[in-house]
Amino acid sequence: QLIGGWCVQRMHHGEQYAWMLVVLASMLGQIGLPGGGYGFGWHYNGAGTITSSGPIMSGFSSVIPGVKPLHDGNWKGYSKFIPVARFVDCILNPGKQIAFNGQTITYPHMKMAVFCGNNPFHHQQDRNKMIAAWRKLETVVSIDHQWTASCRFADIVLPATTTYERDDIEQWG
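Here the structure is a predicted model, which is why all the values come from computation and not from measurement.

The rules behind these values
Residues numbered from 1 in each chain as written. Predicted model: local features only at pLDDT ≥ 70, side-chain atom pairs only at ≥ 80, totals over all residues. Heavy atoms only, no water. Helix = DSSP H or I, 4+ residues; strand = E, 2+ residues; numbered from the N terminus. Buried < 20%, exposed > 50% of the residue type's maximum accessible area, 1.4 Å probe, protein only. Contact = heavy atoms within 4.5 Å. Polar contact = N/O pair within 3.5 Å; in protein donor to acceptor, adjacent residues only side chain to side chain. Core = buried A, V, L, I, M, F, W, Y, C linked by side-chain atoms within 4.5 Å. Salt bridge = Lys/Arg side-chain N within 4 Å of Asp/Glu carboxyl O. Pairing = 2+ DSSP bridges. Axes fitted to C-alpha atoms, helices over the stretch in contact; angles between N-to-C directions. Phe/Tyr/Trp six-rings, centres within 6.5 Å; stacked < 30°, edge-to-face > 60°.

Now for the overall build of the protein. Scanning the protein from terminus to terminus reveals six helices and seven strands. Along the protein, helices and strands appear, N-terminal first, in the series β-α-β-α-α-β-β-β-α-α-β-α-β. When burial is assessed residue by residue, the protein has 29% of its 173 residues classed as buried. Nonlocal contacts in the protein, meaning residues at least 24 apart in sequence, comprise 50% of its contacts between residues at least 6 apart.

Laid out in structure tokens, this is it:
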């Protein structure tokens, strides 16, 4: 199995390495084989730390079945969450309904987005579609400790610290 982490994406054209890892796994014929294929962020996603007993962060509870969101307000019929792989479609198609995890969700109208510690340009393989959606937003804020593609396209960039620069909750065990 080819295993990659997410740190490499936080450099110039860093998002390209992840796509190449998938292509390489395909070229080697590893996709679908037991123990083969590719994986990313095993340590962050908890697959590499089976004994992890870290807390579930309250901000993410809205997508966990059976867990009531911390802030469960009136969303005027729109979804309380957006699947990360669909946020570009959400910006381009407000009001559209899609099926997701056994439920129907309705895309909200987005005017502003705040991205903290991620690089959404890494999630979207169609860069032209991504840029078209990005331009529809009135304001984009990026919070990161590296100068990612998302920071370069943001209206406001706020600095962040790495785990080595702070004493904080450790979620991954």
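Examined against the element boundaries, Asp-144 turns out to sit in strand β6 (residues 139-144). Taking the relative accessible area as the measure of exposure, Asp-144 reaches 5% and is therefore buried. Within the structure, Asp-144 has its side chain in polar contact with the backbone nitrogen of Gln-146 (distance 3.4 Å).

The next point concerns the side chain of Thr-106. On the secondary structure map, Thr-106 appears in strand β4 (residues 103-106). Accessibility expressed as a relative area gives 12% for Thr-106, which makes it buried. Separated by 3.1 Å, the side chains of Thr-106 and Gln-97 make a polar contact. Setting aside its immediate chain neighbours within four residues, Thr-106 contacts Gly-77, Tyr-78, Ser-79, Gly-95, Lys-96 and Gln-97.

Here we take up the nonpolar core. Ranked by internal contacts, the top residues of the largest apolar core, which has 14 residues, are Phe-87, Phe-115, Phe-121, Met-130, Trp-134 and Val-140. When residues of this core are traced back to their parent elements, those giving at least two are α3 (87-92), β5 (112-116) and α5 (127-136). Setting aside its immediate chain neighbours within four residues, Val-140 contacts Ala-113, Phe-115, Trp-134, Ala-154, Asp-155 and Ile-156. One finds Phe-81, Cys-90, Ile-98 and Ile-105 within the second-largest nonpolar core, a separate group that totals five residues.

Scanning the entire structure with this criterion turns up one salt bridge. A salt bridge links Lys-129 to Asp-89; the shortest N-O distance between them is 2.7 Å. One end of the pair, Lys-129, is in helix α5; the other, Asp-89, is in helix α3, with 40 residues separating them in the sequence. Classification of Lys-129 by relative accessible area gives partly exposed; the value is 31%.

This brings us to the sheet that holds strand β7 (residues 156-159). One key point about sheets: their strands pair by backbone hydrogen bonds, in either a parallel or an antiparallel sense. Taken in spatial order, the three strands make up an open sheet running β5-β6-β7, and their pairing is parallel. Sheet topology places β5 and β7 at the edges, where each strand pairs with a single neighbour. Here the strands of the sheet are splayed against their neighbours by 15° on average, with no regard to which way each runs. Looking at chain direction, β6 and β7 are connected through four bridges and run parallel. Within β7, the residue paired with Val-141 across the bridge is Ile-156.

Our next topic: the packing of aromatic side chains. Counted by the stated rule, this structure contains four aromatic pairs. Ring geometry for Phe-121 and Trp-134: centres 5.0 Å apart, planes at 50°, overall tilted. With Phe-121 in helix α4 (residues 120-123) and Trp-134 in helix α5, the pair connects residues that are 13 residues apart, well separated along the chain. Like Trp-134, Phe-121 is buried. Aromatic pair Phe-121 and Phe-153: ring centres 4.7 Å apart, planes at 25°, arrangement stacked. Remark: Phe-153 occurs in helix α6 (residues 149-153) and Phe-121 occurs in helix α4; sequence separation between them is 32 residues. A network of ring pairs unites the aromatic residues Phe-87, Phe-115, Phe-121, Trp-134 and Phe-153 as a single cluster.

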